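Report on the structure
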Amino acid sequence: MINKNLVSTQWLNEHLDDENVTLLYTQMDNPVTGVKETAPKSYIPNSIFFDFESVFCKLDSPWPHTMPSENQFSKEIAMLGVGVSEDNLIVVYDNKGVYSSPRVWWMLKSMGFKRVYILDGGLPKWLEEERQVDNSLTAPHPIDQVNVNFSPAFFTTAENMLAQQSTVKIIDARSEGRFYGTAPEPREGLRSGHAPGAINLPFSELINGTQLKSTSELTSVFESLNLHLEDQLVFSCGSGVTACILTLAASQLGYRNLAVFDGSWSEWGARLDLPVEV
């Protein structure tokens, strides 16, 4: 089943060998300690690794995980052999369920890829159901050129957020303790608290086990925060990854005016020229 931005494990199992289906696997190291994430012992067959931590990122940025240039993205996605053709259907999954895969989904959408979906439940659900696996990732088959088309509206900056304070709602995916400054920031050199006027919505409140919560459950969460479909929403977190889980949930519910603050708290908390509330 395809549900807006999600595909089920059953659907993927039925379409795994379709020529137009591209399967991208992703994972991230511990975003705070930098401890290397252990590679899984098995993968869904035909999976290609999408590395948004050291390949698909702005390598000279002071903030982690920030978006690469259009040219860099074009070059690297060609190396993976992934084209922009409307016939191509991309499924992204990760090693925790719905965790880092929404980041890759949002990146691809921002670059003009239309048919991009997240495997709901990710690798854990696939393994739990004892579906077919390979012991290694698939080597990519590079292609000559991929003409991507970056849409800046998918991401925003600290300066834009300050200028649009009266018109946008900032939703912060960090834990309540970090948001209110009652728990220390795990990254060195960052102030505690949140951007003025921001709303706290820890990403964990949108997850049920390894899957995204149901539409009715997500609706209740968003309505409890007085969010409406016509609102302009900006999502932030520690480094721009779990903010995309909130973006995914909002998109599932039909919100359209969505952007991710790419620098997130790694930038806002470090820059002394930006105001902070606790």
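Residues numbered from 1 in each chain as written. Predicted model: local features only at pLDDT ≥ 70, side-chain atom pairs only at ≥ 80, totals over all residues. Heavy atoms only, no water.

So, the packing of helix 3 (residues 101-110) against helix 8 (residues 243-252)
Viewed as axis vectors pointing N to C, helix 3 and helix 8 meet at an angle of 70 degrees, and their least axial separation amounts to 8 Å. With respect to helix 8, the axis of helix 3 lies roughly perpendicular. The two elements helix 3 and helix 8 cross, and the hand of that crossing is left-handed. Residues Pro102, Arg103, Trp105 and Trp106 of helix 3 lie in contact with helix 8, whose contacting residues are Cys244, Ile245, Thr247, Leu248 and Ser251. Of the residues in the contact of helix 3 with helix 8, the class split is six nonpolar, two polar and one charged. (Axes fitted to C-alpha atoms, helices over the stretch in contact; angles between N-to-C directions. Helix = DSSP H or I, 4+ residues; strand = E, 2+ residues; numbered from the N terminus. Parallel < 35°, antiparallel > 145°, perpendicular 65-115°, else oblique. Left-handed = near helix turned anticlockwise from the far one by under 90°. Contact = heavy atoms within 4.5 Å. Nonpolar A, V, L, I, M, F, W, Y, C, P; charged D, E, K, R; others polar.)

What about the nonpolar core?
Judged by nonpolar contacts, the single largest core of 55 residues is most densely connected at Phe50, Phe73, Ile77, Leu108, Phe113, Leu206 and Phe222. The set of elements that each furnish at least two residues to this core consists of helix 2 (70-79), strand 5 (89-94), helix 3, strand 6 (116-119), helix 7 (215-224), strand 12 (232-236), helix 8 and strand 13 (258-261). Considering each element in turn, this core owes the most residues, seven residues, to helix 8. When residues no more than four places from it in sequence are discounted, the contact partners of Leu206 are Leu201, Gln211, Leu212, Lys213, Leu218, Val221, Phe222, Ile245, Leu246 and Ala249. (Core = buried A, V, L, I, M, F, W, Y, C linked by side-chain atoms within 4.5 Å. Buried < 20%, exposed > 50% of the residue type's maximum accessible area, 1.4 Å probe, protein only.)

Description of the pairing of strand 3 (residues 21-26)
Most of strand 3 is tucked away: six of the six residues are buried. Of the two faces of strand 3, both are covered, the one formed by Val21, Leu23 and Tyr25 as well as the one formed by Thr22, Leu24 and Thr26. Two strands pair when backbone bridges link them, and strand 3 and strand 4 (residues 47-49) are joined in this way by three bridges, in the parallel orientation. Within strand 4, the residue paired with Tyr25 across the bridge is Phe49. (Pairing = 2+ DSSP bridges.)

Digging into the environment of Arg256
Structurally, the position occupied by Arg256 is in the loop between helix 8 and strand 13. Considering only alpha carbons, one finds Arg256 and Gln232, 24 residues apart in sequence, at a separation of 8.0 Å.

Re the pattern of salt bridges
Taken as a whole, this structure holds 12 salt bridges when the rule is applied. Between Glu37 and Lys96 there is a salt bridge, with the nearest N and O atoms lying 3.3 Å from each other. Of this pair, Glu37 sits in the loop between strand 3 and strand 4 while Lys96 is found in the loop between strand 5 and helix 3, placing the two residues 59 residues apart along the sequence. According to the relative accessible area criterion, Glu37 is partly exposed, its value standing at 22%. (Salt bridge = Lys/Arg side-chain N within 4 Å of Asp/Glu carboxyl O.)

As for the sheet that holds strand 12
Hydrogen bonds between backbone atoms are what pair the strands of a sheet, whose relative direction is either parallel or antiparallel. An order of 7-13-12-8-9 is seen for the five strands of this open sheet, with the pairing classed as parallel. Looking along the sheet, the strands with just one partner apiece sit at the ends: strand 7 (155-156) and strand 9 (199-200). With three bridges joining them, strand 12 and strand 13 adopt parallel strand pairing. The residue bridging Leu233 from the neighbouring strand is Leu258, located in strand 13.

Focus: the sheet that holds strand 3
Taken together, six strands build an open sheet; the order of strands is 1-2-6-5-3-4 and the sheet is mixed. Looking at strand neighbours, the two that pair on one side only are strand 1 (2-3) and strand 4, the edges of this open sheet. In the sheet, strand 5 pairs with strand 6 via three bridges, with the strands oriented parallel. For Val92, the partnering residue across the bridge sits in strand 6 and is Ile118.

Keep in mind these numbers describe shape, not what the thing actually does.
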